[in-house]
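# Architecture and fold: a report
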Amino acid sequence: MEVQIEDSQLVSHYIQGDERAMAVLINRHNSRLTGFIYSKVSDRELTEDIFQDTFIKVIRTLKRGAYNEEGKFLPWVMRIAHNLIIDHFRKNNRMPMFNATESYNIFAMMNDDGLNVEKQLIKDQIDSDLFKLIKELPEDQQEVLNMRLYKDMSFKEISDNTGVSINTALGRMRYALINLRKLVEANNIVLTN
Amino acid sequence: MEKIYSKKKDKRTALKAKPETVEFLLAYSKSLKITEAKGIKFESNLN
């Protein structure tokens with residue numbers, strides 16, 4: 001029977017200078033990561049670019065000794081890819097250019113979607129309250145909630161990463177939301193903007 | 001009763017990054033050196 005070395009061990013071998021460990025990590029997660037990126041960008045070439053940039057970031061972080069062992073390797077890599085995908089869409093979502101004329105003024109049609117200072121402060125307060133409430137949840141529910149909401153992972157991915165069935169992951173998410181609502185009520189917190 | 005989930009065979013070939021991309025990353029990894037001086041980390045790429 002073939003024994004598979006865990007990601008965490010490979011990461012530590014790589015940090016100690018074993019370059020072969022990176023080859024194993026890339027090949028092990030190649031298909032999964034490529035599929036994840038492609039599912040968001042639907043472009044083969046762009047997928048390749050983001051895949052490359054993701055691992056460049058991974059390599060630099062590991063070599064600089066800045067990797068935090070707290071999380072698992074794959075969710076961390078997925079998070080990097082996810083951020084790069086968001087960066088890509090942000091960069092390519094610029095407003096087209098219009099020249100204002102007397103009869104047509106672009107500023108009459110444009111809305112600023114960004115939050116003003118007051119709304120930003122309220123949003124920060126909500127985020128901070130929510131963060132504290134999430135910390136009150138049992139660890140298994142916190143884990144599923146964080147993966148689903150903040151790491152944008154599917155229940156299949158959560159199930160693979162936590163070693164529980166999809167139904168259990170769904171159940172934990174459900175209880176996490178029920179418990180969060182109870183905590184909101186118990187603490188008289190208003191989580192609206 | 002337990003549900004039985006049969007695994008459907010996926011006829012598509014799995015989406016993967018090209019071998020050239022993987023080779024590039026491994027070469028990049030080998031060439032990247034981090035040196036630290038007075039608390040500052042410097043990156044150098046030795047091709």
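Residues numbered from 1 in each chain as written. Chains lettered and ligands numbered in written order. Predicted model: local features only at pLDDT ≥ 70, side-chain atom pairs only at ≥ 80, totals over all residues. Heavy atoms only, no water.

Let's shift gears to helix α8 (residues 166-186) of chain A. Residues and elements named next belong to chain A. With 21 residues, α8 should reach 30 Å at 1.5 Å per residue; the first-to-last C-alpha distance of 30 Å fits that figure. Of the residues making up α8, those classed as buried are Ala169, Met173, Ala176, Leu180, Leu183 and Val184. Looking down the long axis of α8, one finds its buried residues gathered within 95 degrees of arc, a one-sided arrangement. Of the exposed residues in α8, those oriented more than 90 degrees away from the buried face are Asn167, Arg174, Arg181, Lys182, Glu185 and Ala186. Where α8 is buried, its residues meet α5 (117-136), α6 (139-150) and α7 (155-162). (Helix = DSSP H or I, 4+ residues; strand = E, 2+ residues; numbered from the N terminus. Expected span 1.5 Å × (residues − 1). Buried < 20%, exposed > 50% of the residue type's maximum accessible area, 1.4 Å probe, protein only. Arc of directions from axis to C-beta. Contact = heavy atoms within 4.5 Å.)

All names here are of chain A. The final tally for this structure, using the stated rule, is ten salt bridges over all chains. Note that Arg20 and Asp18 form a salt bridge whose closest N and O atoms lie 3.2 Å from each other. The partly exposed category is assigned to Asp18, whose relative accessible area is 23%. Lys40 is the partner of Asp152 in a salt bridge, and the nearest nitrogen-oxygen pair spans 3.2 Å. Within this pair, whereas Asp152 is found in the loop between α6 and α7, its partner Lys40 is found in helix α2 (residues 19-41), the two being separated by 112 residues in sequence. (Salt bridge = Lys/Arg side-chain N within 4 Å of Asp/Glu carboxyl O.)

Attention now moves to the interface of chain A and chain B. Each partner contributes residues to the interface: chain A has 22 residues there, and chain B has 17 residues. Carbon and sulfur atoms supply 61% of the area buried between chain A and chain B, which totals about 2,000 Å² over both sides. For chain A, the biggest contributors to the area lost against chain B are Glu48(A), Lys63(A) and Arg64(A); these three give 28% of the whole. For the pair chain A and chain B, the interface holds one salt bridge. Linking chain A to chain B there are ten residue pairs in polar contact (both at pLDDT 80 or more). Mapped by element, the contributors of at least two residues to the side of chain A that touches chain B are α2 and α3 (44-63) of chain A. (Buried area = accessible area lost by both parts, 1.4 Å probe. Polar contact = N/O pair within 3.5 Å; in protein donor to acceptor, adjacent residues only side chain to side chain.)

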